[in-house]
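Below are the chains, spelled out letter by letter.
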Amino acid sequence: MTPLSHYLILGAILFAIGIFGVLTRRNAIGILISIEIMLGAVNLNLVAFSRFVETSSLNGQVFAVFVMTVAAGEAAVGLALILALYRSVRAVFADRFNILKW
Amino acid sequence: MNWAELFSTAVAFKLIALVAVVFAIMAVTLKNIFHCALALAAMFFALSGVFIFLDADFLAVVQILIYVGAIVILMIFAIVLTERITSESIKQTNQLLIPSFALCAALLVGFIYIIRGTVWSSQVPPIQAGTVNVIGRQLLSTHLEAFEVASVLLLAALIGAVFLGKEITKK
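Within each chain, residue numbers correspond to sequence positions counted from 1 in written order. Chain letters start at A and ligand numbers start at 1, both assigned in the order the entries are written. In view of the model being predicted, local features appear only for residues whose pLDDT reaches at least 70, and side-chain atom pairs are presented and counted only at 80 or more, with totals across whole chains, interfaces and linings using the full set of residues. Computation of side-chain values: all heavy atoms of the structure, hydrogens and water removed.

1. Some details on the overall build of chain A
And then number 1: Only DSSP runs of H or I covering at least 4 residues are called helices, and only runs of E covering at least 2 are called strands; the numbering of each starts at the N terminus. Helices and strands together make up the secondary structure of chain A, namely three helices and zero strands.
And then number 2: Order of helices (α) and strands (β) in chain A, N terminus to C terminus: α-α-α.
And then number 3: Computation of the radius of gyration draws on C-alpha atoms alone. For the globule rule, the value is 2.2 Å times the number of residues to the power 0.38. Whereas a compact globule of 102 residues would reach a radius of gyration of roughly 13 Å, chain A reaches 17 Å, over 25% beyond that.
And then number 4: Throughout this description, buried means an accessible area under 20% of the type-specific maximum (1.4 Å probe, protein chains only), exposed means over 50%, and partly exposed covers the range between. Looking at chain A residue by residue over its 102 residues, the buried ones come to 63%.
And then number 5: Any two residues having at least one pair of non-hydrogen atoms within 4.5 Å are treated as being in contact. Sequence separation of at least 24 residues holds for 59% of the intrachain contacts in chain A that already meet a minimum separation of 6.
And then number 6: Per-residue accessibility takes into account occlusion by the displayed protein chains alone, with areas from the Shrake-Rupley method and a 1.4 Å probe. Here chain A displays about 3700 Å² of accessible surface, and carbon together with sulfur accounts for 72% of that area.

2. Quick notes on unusual backbone geometry
All names here are of chain A.
And then number 1: With phi around 55 degrees, L58 is a residue other than glycine that occupies positive phi space.
And then number 2: In this structure, L58 sits in the loop between α2 (28–52) and α3 (59–89).
And then number 3: The buried category is assigned to L58, whose relative accessible area is 2%.

3. Considering the interface of chain A and chain B
And then number 1: Counting residues at the interface gives 70 residues for chain A and 81 residues for chain B.
And then number 2: As used here, buried area is the combined drop in accessible area, with a 1.4 Å probe, of two parts when they are placed together. Here chain A packs against chain B, burying approximately 6800 Å² in sum over the two surfaces, 76% of which is carbon and sulfur.
And then number 3: Sorting the residues of chain A by area buried against chain B places A:R25, A:R51 and A:M68 first, and these three jointly supply 10% of that buried surface.
And then number 4: Every case where a carboxyl oxygen of Asp or Glu lies within 4 Å of a side-chain nitrogen of Lys or Arg is listed as a salt bridge. The interface formed by chain A and chain B holds one salt bridge in total.

4. Some words on the nonpolar core
And then number 1: In plain words, nonpolar cores are sets of buried Ala, Val, Leu, Ile, Met, Phe, Trp, Tyr and Cys residues tied together by side-chain atoms within 4.5 Å. If you look at the biggest cluster of nonpolar residues, it comprises 65 residues, and the most contacted ones within it are A:Y7, A:L10, A:L14, A:I33, B:M43, B:F51 and B:L59.
And then number 2: Sort the elements by how many residues they give to this core and helix α2 (residues 33–53) of chain B lands first, with 13 residues.
And then number 3: If sequence neighbours within four positions are ignored, B:F51 has contacts with A:N43, A:L44, A:V47, A:M68, B:A56, B:L59, B:A60 and B:Q63.
And then number 4: Ranked by size, the runner-up nonpolar core spans seven residues in total, among them A:L58, A:V62, B:I135 and B:L139.

5. Quick word on a nonpolar patch on the surface
And then number 1: On the surface, B:I73, B:F77, B:V80 and B:L81 cluster together into a nonpolar patch covering about 390 Å² of accessible area.
And then number 2: Judged by its relative accessible area of 51%, B:F77 is exposed. Nonpolar side chains (Val, Leu, Ile, Met, Phe, Trp, Tyr) within 5 Å and like charges within 9 Å form the patches, drawn only from residues with over 30% relative accessible area and no salt bridge.

6. Brief notes about α2(B)
All names here are of chain B.
And then number 1: In a regular helix each residue adds 1.5 Å, so 21 residues correspond to 30 Å; α2 covers 30 Å between its end C-alpha atoms and thus fits that length.
And then number 2: Of all the 21 residues making up α2, 15 are buried; the element is thus mostly covered by neighbouring parts of the structure.
And then number 3: In protein, a polar contact means a hydrogen-donor-capable atom and an acceptor-capable atom, both N or O and within 3.5 Å, with residues adjacent in sequence counting only if both atoms are side-chain atoms; elsewhere, any N or O pair within 3.5 Å suffices. Sitting at the amino-terminal end of α2 is N32, which places a side-chain oxygen 3.0 Å from the backbone nitrogen of F34.
And then number 4: A positive backbone phi angle near 60 degrees is found at D55, which sits one or two residues after α2. To estimate how far a helix should reach, multiply one less than its number of residues by 1.5 Å.

7. Observations regarding the packing of α2(B) against helix α3 (residues 57–81) of chain B
Residues and elements named next belong to chain B.
And then number 1: Note on geometry: axes are C-alpha line fits, over the in-contact stretch for helices, and angles between N-to-C directions span 0 to 180 degrees. Across the interface, α2 lies against α3 with an axial gap of 9 Å and an inter-helix angle of 175 degrees. It follows that α2 is roughly antiparallel to α3 by the angle criterion. Residues I33, F34, A37, L38, L40, A41, F44, F45, L47, S48, F51 and I52 of α2 form the contact with α3, whose participating residues are L59, A60, Q63, I64, Y67, V68, V72, M75, I76, I79 and V80. Convention used here: angles under 35 degrees read as roughly parallel, angles over 145 as roughly antiparallel, angles from 65 to 115 as roughly perpendicular, and any remaining angle as oblique.

8. Some thoughts on the pattern of salt bridges
And then number 1: Applying the stated rule across the entire model yields one salt bridge over all chains.
And then number 2: A salt bridge links A:R51 to B:D55; the shortest N-O distance between them is 2.8 Å. Remark: B:D55 occurs in the loop between α2 and α3 and A:R51 occurs in helix α2; the pair is interchain, linking two chains.

9. Focus: α3(A)
And then number 1: With 31 residues, α3(A) extends 44 Å between its outermost C-alpha atoms, agreeing within 8% with the 45 Å of an ideal straight helix rising 1.5 Å per residue.
And then number 2: Phi turns positive one or two residues past the end of α3(A), at A:R90, with a value near 60 degrees.

10. A look at the state of the cysteines
And then number 1: Our working definition of a disulfide is a cysteine sulfur pair at a distance within 2.5 Å. For the structure on display, the rule yields zero disulfides over all chains.
And then number 2: The cysteine B:C104 is free of any disulfide, with B:C36 supplying the nearest cysteine sulfur at 16 Å.

11. Description of the side chain of B:Q63
And then number 1: By secondary structure assignment, the location of B:Q63 is in helix α3.
And then number 2: Relative accessible area serves as the criterion here: at 0%, B:Q63 is assigned to the buried category.
And then number 3: If we ignore the near neighbours within four places in the chain, the residues touching B:Q63 are A:N43, A:M68, B:F44, B:L47, B:S48, B:F51 and B:V68.

12. Considerations on the confidence of the model for chain B
A low pLDDT score tells you not to read the predicted coordinates there in detail.
And then number 1: Confidence per residue, as judged by the predictor, is encoded in pLDDT with a range of 0 to 100. Of all residues in chain B, 89% attain a pLDDT of 70 or more, and the chain-wide mean is 87.
And then number 2: In the model output, the complex is listed with pTM 0.90 alongside ipTM 0.91.

Below is the structure:
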């Protein structure tokens, strides 16, 4: 059995990659993609702890199910927001979304 | 478990982890945003393979269904509904490339230092047979309130997405 720390390190690597994408992407859809990577890394951590700490109630996997639910809702609303912004600004780049400034 | 089986399991885990990391890097660094969405789908396939290593068969299937089947498709819809997706001349990164790379590298080193420094319990509890059964019971007994709140949240997200995505006609 692969030890727990390997799964945690894989989760940490994926989370760091996601943060890098959120910080550097100009495209708003690219930022959403990076957020999904980070949520996947968190899910991996939850499932790993659920496997290695306590398997009788599977609380970690139930948590991961809820994380996936919220991720689906977040992606739907986020992409609808991007489309609505695209109609008014004609761009999907985050540095062009400055219409709240005066 | 004999030596050959142990070795092959470890190698297979490292291979799948490597595939996941490579596709994640592709998803955040490629210039064409369409390719990024496809790399994201491949990364979630690899991640569901890791879930199978963790004996979470239900979550592995749900991961493919929700992420690859719904979220990535939604993102591809959003990409093709906006313009100029494949032009190589558009700059895809902002000016924070080097500082954010340094920040993420420092964060990763800190994470790995903490994970390596912690003493994890070496004994592994026995495998739960039939995770679908247990997850279903948990969802409808212990986590019933959260389950209902999640359904209301999904309804709100549905209505909000329809409202935001609708073309608003000016009078």
